[in-house]
Amino acid sequence: MLRRAAVLAVAGAVLMAGDPALADEVRAGQQPVIDTLALPEAWRTSKGEGVLVAVLDSGVDPHHRDLNGSVTVGRDFTEGANPPGVAPRRLHGTYMASLIAGHGHGPGGRRGVIGVAPKAELLSVRVILEDEEPGFREFNSAERFEDVVARGIRYAVDQGAHVINMSISKELATREERAAIRYAISKGVVLVAAAGNDGARRPGRAGAAPYSYPAAFPGVVSVGATDRRLRRATFSNWNSSVLVSAPGVDIMGAGPGDEYWVGRGTSQATALVSGVAALIKARYPDMSPPLVAQAMTASATDRPPGGYDTGTGFGVVNAAKALTEAGRLAEHTETARGGQAQDPAAPVGGGSAGGPIKVVVRDQTRITVYAMVAVAAAMGSLASLMLIYVLVRRVRRAQSPQDA
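Q: What is the right way to look at the environment of Glu 176 in this model?
A: Residue placement: Glu 176 occurs in helix H6 (residues 175-186). Taking the C-alpha atoms as reference points, Glu 176 and Val 149, separated by 27 residues in sequence, lie 8.9 Å from one another. Discounting residues that sit within four places of it in the chain, Glu 176 has contacts with Asp 147 and Ala 150.

Take a look at the structure:
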């Protein structure tokens, strides 16, 4: 059953559109994020050209001036939840889309929202409703909507998406979602999802905030949120699924009808990381999802003590450094193949092959050397035992006449 998709993103002040000064204020409000992610330097290498990012969310307004021309409206998997004639509000989805690929407006696109990958294309796939929509309760309780995320993932992959942004959160995993994620990864699609906004709650028995899906599925880049000091935001979930983090407090973004919003949440952090993934895929289109993830983790800044913690993962993403690391990794692959590879659609340890894993390649030289060492050691041990036995016998014989 779907949970609310971090709609804290719209619980902030609204900057009304139409005044160029306000649009300029939006770009100024984005500056901390632009600096943190080192976007000007990254844009010298990539701006996301040729990459399609699917936004699995509440829908995207394709006519917002900062998104106009970049959005394709795809399937609505929530159809039938709202009463007939009720149009989707598209608040959360438009907000996330602008952070990923907003291109601004006005001379040189210097006004309004600039996304991380401003030249990427967007595919809107509606898989959630806003809390305020009349069909919200029906959508969250009707069985027919249980697998909308899985269906949305498969649809996005089949439409040619290179990156799938999922600024959404649900408590329970399903087999259909796991299989859909496996399908996406097998097609080279990078999946990015929000770690969730329950981090301020009392920790569970495991001493961590609740796990959120699809973020907690293996193969998905799970994103936590940081505050202005680049420390874990108090609301951001902290558990071992968190891979990287990004700014998630006081984030400027676009809303339907040429409006602008400011808000907080792991949703916003997730959209920013999806933008970085789009930059990498644009520069290195054949790079596998595991290597895209490795490029972001290995190059992260503000790394926690020891290199990793459950709050911010491996650190805060840095677009420029991630592109540099991706260039180093571009000639490698980390895609497991064959019947012995773990099946992502099955629980860990329950791969399709079953039973023990067969050794495919044996190093005969090492086997021979180790065998010889083992034999020599055994012979040495036996010789030592024989020597001890002989010495004991001699001592006993030497002592026998005196005892008599």
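Q: When you look at helix H8 (residues 289-298) in this model, what are you seeing that I'm missing?
A: Given 3.6 residues to a turn, an α-helix orients residues that are three or four positions apart in the same direction. Of all 10 residues that make up H8, seven are buried, and the element is covered over most of its length. If you check which residues of H8 are buried, you get Pro 289, Leu 291, Val 292, Ala 293, Ala 295, Met 296 and Thr 297. Considering only its buried residues, H8 is in contact with H6, strand E8 (190-194), strand E9 (221-226), strand E10 (244-247), helix H7 (266-283) and helix H9 (319-329).

Q: Is there a simple way to think about the pattern of salt bridges in this case?
A: Where side chains of opposite charge bring their charged atoms close, a pairing between them can arise. Throughout the structure, instances matching the rule amount to seven salt bridges. Asp 76 is the partner of Arg 126 in a salt bridge, and the nearest nitrogen-oxygen pair spans 3.4 Å. Here Arg 126, found in strand E6 (residues 121-126), pairs with Asp 76, found in strand E3 (residues 71-76); they are 50 residues apart in sequence, far enough to count as distant. On the basis of relative accessible area, Arg 126 is assigned to the buried category, the value being 6%. We note a salt bridge from Arg 89 to Glu 132, for which the minimum N-O separation is 3.8 Å. Residue Arg 89 is located in the loop between E3 and helix H3 (91-101), and its partner Glu 132 is located in the loop between E6 and helix H4 (136-141); the two are separated by 43 residues in the primary sequence. Judged by relative accessible area, which is 38%, Arg 89 ranks as partly exposed.

Q: What is the right way to look at H7 in this model?
A: Its 18 residues place the ends of H7 26 Å apart at the C-alpha level, agreeing with the 26 Å of an ideal helix rising 1.5 Å per residue. A large share of H7 lies buried, amounting to 16 of its 18 residues.

Q: Please clarify how the packing of aromatic side chains should be interpreted in this entry.
A: Any two aromatic rings considered together are summarised by their centre-to-centre distance and by the angle between their planes. Overall, the coordinates contain four aromatic pairs when judged by the stated rule. Look at Phe 77 and Tyr 155: their rings are 5.8 Å apart centre to centre, the planes differ by 75°, and that puts the pair in the edge-to-face class. Of this pair, Phe 77 sits in the loop between E3 and H3 while Tyr 155 sits in helix H5 (residues 148-158), placing them 78 residues apart in sequence. Given a relative accessible area of 18%, Tyr 155 falls into the buried group. Their ring planes at 45° and their centres at 5.2 Å tell us that Phe 139 and Phe 145 sit as a pair that is tilted. With respect to class, Phe 139 is no different from Phe 145; both count as buried. Its guanidinium or amino end placed over the ring of Tyr 155, Arg 75 lies 5.9 Å from that ring's centre, counting from NZ or CZ.

Reading the values: rules and limits
- Residues numbered from 1 in each chain as written.
- Predicted model: local features only at pLDDT ≥ 70, side-chain atom pairs only at ≥ 80, totals over all residues.
- Heavy atoms only, no water.
- Helix = DSSP H or I, 4+ residues; strand = E, 2+ residues; numbered from the N terminus.
- Contact = heavy atoms within 4.5 Å.
- Buried < 20%, exposed > 50% of the residue type's maximum accessible area, 1.4 Å probe, protein only.
- Salt bridge = Lys/Arg side-chain N within 4 Å of Asp/Glu carboxyl O.
- Expected span 1.5 Å × (residues − 1).
- Phe/Tyr/Trp six-rings, centres within 6.5 Å; stacked < 30°, edge-to-face > 60°.
- Lys NZ or Arg CZ within 6 Å of the ring centre and 35° of its normal.

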